[in-house]
Protein chains: 2
Amino acid sequence: MASDMATSLKVERKPKLSETVVAAIRKQLQAGEIQPGQKLPTEGQLTETFGVSRTVIREALAKLAADGLVEPRQGAGVFVTEHISTMFGALAADMGSKDSIALNVLEVRLAIEIESAGLAAVRRNAAQEAGIQEAFFEFERLLLNSEPTGPADLAFHRAIASATNNPFYVEMLDVLGRRAIPCDVTSPWSTELAQSDVYQRGLQREHLVILNAITAGDAEAAREAMRAHLTASQQRYRERLHARQVFYADSVKAAATE
Amino acid sequence: MASDMATSLKVERKPKLSETVVAAIRKQLQAGEIQPGQKLPTEGQLTETFGVSRTVIREALAKLAADGLVEPRQGAGVFVTEHISTMFGALAADMGSKDSIALNVLEVRLAIEIESAGLAAVRRNAAQEAGIQEAFFEFERLLLNSEPTGPADLAFHRAIASATNNPFYVEMLDVLGRRAIPCDVTSPWSTELAQSDVYQRGLQREHLVILNAITAGDAEAAREAMRAHLTASQQRYRERLHARQVFYADSVKAAATE
DNA sequence: CCGAATTTGTACGTATGTATA
DNA sequence: CTATACATACGTACAAATTCG
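Residues numbered from 1 in each chain as written. Chains lettered and ligands numbered in written order. Predicted model: local features only at pLDDT ≥ 70, side-chain atom pairs only at ≥ 80, totals over all residues. Heavy atoms only, no water.

Per an unreviewed UniProt entry, chain A is named DNA-binding FadR family transcriptional regulator, and its organism is Mesorhizobium tianshanense.

In structure tokens, the structure reads:
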């Protein structure tokens, strides 16, 4: 059973040549060995240096292009994309496509919630405003009792969506939320970090800014506060993904040395 | 060889076989012809039905998989993932007819497009920027020739969504756009007003502001320009609804006096 | 439990078109 | 105009995983 011969690791069943190439090139790009706008080696050169067929090289380049890291131009060559520094792609490219999809979905959710916050600020009625506040204080209560705050967090966002008086916002939130990450604190990510007090305290602080803007009827401020909250959540999510990646890498390494 | 083929498509450059296959399969998926969880035809069958090589089929499937629409499993087949668009398809199917729904959907679309414009400003690469410009000038050309500009308008917005490098924005736009108003100028609303020159000229002016902001890389300006454009579109849509209402009232009155 | 058939994954070779330099 | 290099496409072969008899 301990056949370290064909050690196809449980986590990574695919050594996959093209992935190896992708990883190698990606590393070079992140190290800045090839500056943005510069041309990569030709496919022919790459086939030589990596010792694989052109098909593999093409597949690898296609994957990189799909992530937006490089931009092939017919007849000229493959060039490094200019604005990779700002885009999450640089980070997203590190992980599998599934996580990349989750991030993309989260981003769409961000777009929707930003606008819903702005609309809630100008459209909410008394009952809806009360509903948002109620969710906020419920979060507070759970926090003090050290109970899981996940549902309250979701309820807070849901109340805001509801206050737009556009039922589609709630629908969208439900659909997106169920599918990919209820913003924060949940599911496969029940790490200590996510559950830590200071972490949730930070969330609540961001929630308060949103709440104040909405009760003040300031749409612009509400949008800005929600944007800040969700971009911060995105960042936290990325960090958690990265942590998992490191964990995986370690476990692979451990398995290999066995 | 009088094989002038099927070059009836207006796409000037790349028919691109794999893209054709992608579009065809995507259409089937969105139409719900293959339910989530179901298996697609095998690669061999697809090569036969489409009359192309397996390479093309594989490339097309790779793209669909990159977008998270399908999930290939070695030895078993390619399966449809439960996807947001299908959920929205079912969601929007219930309420396609009512105008108030249409307005609400338009509002959600507004949220999505505002953010996509901002993202496009900072993430677009050269090719994507060219695509947006191309759509813009296509609109211009059609305007001068007094041809219907609807498709070009849609293409402009679609190009911007595409420039976010987040395929979900395009997905959402496709789903929402089909169900409820392609922004402006189309479908049940082919009034003289909608087709008037000054009207479309105004649209193009708004488009220009968006285009300039994106090419300048100014995310905030892009968002603001898109917001202005879509809220103006909302307003125009409401006015058209009102106009129809008046027309209806008049006809009722006329019928009554008869 | 095993093995054969099916289906996708990977790989290589080749040919032609097309844009760039 | 020519040469280079990428884009597209087809064909083939074998490997690996799954399914099912």
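Right, picking up where we left off after that structure.
As a further point, take the overall build of chain A. Along the backbone of chain A there are 11 helices and 2 strands. Residues counted as buried form 46% of the 258 residues belonging to chain A. Here the analysis covers contacts within chain A between residues at least 6 apart in sequence; of these, 70% occur between residues at least 24 apart. (Helix = DSSP H or I, 4+ residues; strand = E, 2+ residues; numbered from the N terminus. Buried < 20%, exposed > 50% of the residue type's maximum accessible area, 1.4 Å probe, protein only. Contact = heavy atoms within 4.5 Å.)

Here the focus is the interface of chain A and chain B. Of the residues lining the interface, 29 residues belong to chain A; the matching set on chain B comes to 35 residues. Carbon and sulfur atoms supply 62% of the area buried between chain A and chain B, which totals about 3000 Å² over both sides. For the pair chain A and chain B, the interface holds 4 salt bridges. The partner of Glu107(A) in a salt bridge is Arg123(B), and the shortest N-O contact between them spans 2.5 Å. Put simply, chain A and chain B have 11 residue pairs in polar contact (both at pLDDT 80 or more) between them. Among the elements that make up the side of chain A that touches chain B, the one with the highest residue count is helix α5 (residues 97-123) of chain A (12 residues). Tallied by class, residues from the side of chain A that touches chain B come to 16 nonpolar, 5 polar and 8 charged. (Buried area = accessible area lost by both parts, 1.4 Å probe. Salt bridge = Lys/Arg side-chain N within 4 Å of Asp/Glu carboxyl O. Polar contact = N/O pair within 3.5 Å; in protein donor to acceptor, adjacent residues only side chain to side chain. Nonpolar A, V, L, I, M, F, W, Y, C, P; charged D, E, K, R; others polar.)

Moving on to the protein's contact with DNA strand D. Close to DNA strand D lie 20 residues, the nearest being Thr42(A), Pro72(A), Lys16(B), Leu17(B) and Ser53(B). For DNA strand D, the backbone makes up 75% of the atoms found within 4 Å of the protein, where backbone means sugar plus phosphate. In the environment of DNA strand D, a phosphate oxygen lies 3.2 Å from a nitrogen or oxygen atom belonging to the backbone of Glu43(A). Measuring from a base nitrogen of DNA strand D, one finds a side-chain N or O atom of Gln74(B) at 3.2 Å. At the level of secondary structure, the elements contributing two or more residues to the surface near DNA strand D comprise α3 (54-66) and β1 (70-73) of chain A together with α1 (17-31) and α3 (54-66) of chain B. A total of 3 residues in the surface near DNA strand D trace back to one element, the largest contributor, which is α3(B). Across the surface near DNA strand D, the residue classes tally to 5 nonpolar, 9 polar and 6 charged. (Near = heavy atom within 4 Å.)

Another aspect to go through is the side chain of Arg124(B). Structurally, Arg124(B) can be placed in the loop between α5 (99-123) and α6 (126-144). Polar contacts involving the side chain of Arg124(B) include one to the side chain of Glu129(B), which spans 3.1 Å.

Moving on, we come to the confidence of the model for chain A. Residue and element names in this part refer to chain A. Taken as a whole, chain A shows an average pLDDT of 74; of its residues, 72% reach a score of 70 or greater. Across chain A, helix α6 (residues 126-144) holds the top mean pLDDT of 89, while helix α4 (residues 89-92) sits lowest at 48. Across residues 181-193 the pLDDT falls below 50, and counting only partners more than four positions away or on other chains, this stretch makes 34 contacts in the model. A low-confidence stretch, residues 251-258 stays under pLDDT 50, and its non-local contacts, those more than four residues away or across chains, total 3 contacts. (pLDDT = per-residue confidence, 0-100.)

Residues and elements named next belong to chain B. Taken N-terminus to C-terminus, the directions of α6 and helix α7 (residues 150-162) make an angle of 170°; their axes are 9 Å apart at the nearest point. On the basis of their axis angle, the class for α6 and α7 is roughly antiparallel. Contacts from Gln 128, Gly 131, Ile 132, Ala 135, Phe 136, Glu 138, Phe 139 and Leu 142 of α6 reach α7 at Ala 152, Asp 153, Ala 155, Phe 156, Ala 159, Ile 160 and Ser 162. Residues that form the contact of α6 with α7 fall into these classes: 10 nonpolar, 3 polar and 2 charged. (Axes fitted to C-alpha atoms, helices over the stretch in contact; angles between N-to-C directions. Parallel < 35°, antiparallel > 145°, perpendicular 65-115°, else oblique.)

With respect to the element layout, Glu115(B) can be found in helix α5. Taking relative accessible area as the criterion, Glu115(B) reaches 4% and is therefore assigned buried. Ignoring anything within four residues of it in the chain, the contact list for Glu115(B) reads Leu110(A), Ala111(A), Ile114(A), Arg227(A), Tyr169(B) and Arg223(B).

The next point concerns α6(B). Residue and element names in this part refer to chain B. Its 19 residues give α6 an end-to-end C-alpha distance of 27 Å, which sits within 8% of 27 Å, the value for a rise of 1.5 Å per residue. Those residues of α6 not exposed but buried are Gln 128, Ile 132, Ala 135, Phe 136, Phe 139, Leu 142 and Leu 143. Looking straight down α6, one finds that the buried residues subtend no more than 130° of arc, so they occupy a single side. With respect to the buried face of α6, the exposed residues turned more than 90 degrees away are Ala 126, Phe 137 and Leu 144. Two residues or fewer after α6 comes Ser 146, characterised by a positive phi angle close to 60°. (Expected span 1.5 Å × (residues − 1). Arc of directions from axis to C-beta.)

This part takes up unusual backbone geometry. Positive phi is not limited to glycine here, since Asn165(A) has a value of about 65°. Mapping Asn165(A) onto the fold places it in the loop between α7 (150-162) and α8 (167-179).

Once that is clear, we can look at the packing of aromatic side chains. For the coordinates displayed, the defined rule picks out 4 aromatic pairs over all chains. Note on Phe136(A) and Phe137(A): the rings are 5.3 Å apart at their centroids and 85° apart in plane angle, and the pair reads as edge-to-face. Judged by its relative accessible area of 6%, Phe136(A) is buried. Grouped by ring-pair contacts, the aromatic residues Phe136(A), Phe137(A) and Phe156(A) constitute a single cluster. Sitting over the ring of Phe79(B), Arg73(B) keeps its end group 4.2 Å from the ring centre. (Phe/Tyr/Trp six-rings, centres within 6.5 Å; stacked < 30°, edge-to-face > 60°. Lys NZ or Arg CZ within 6 Å of the ring centre and 35° of its normal.)

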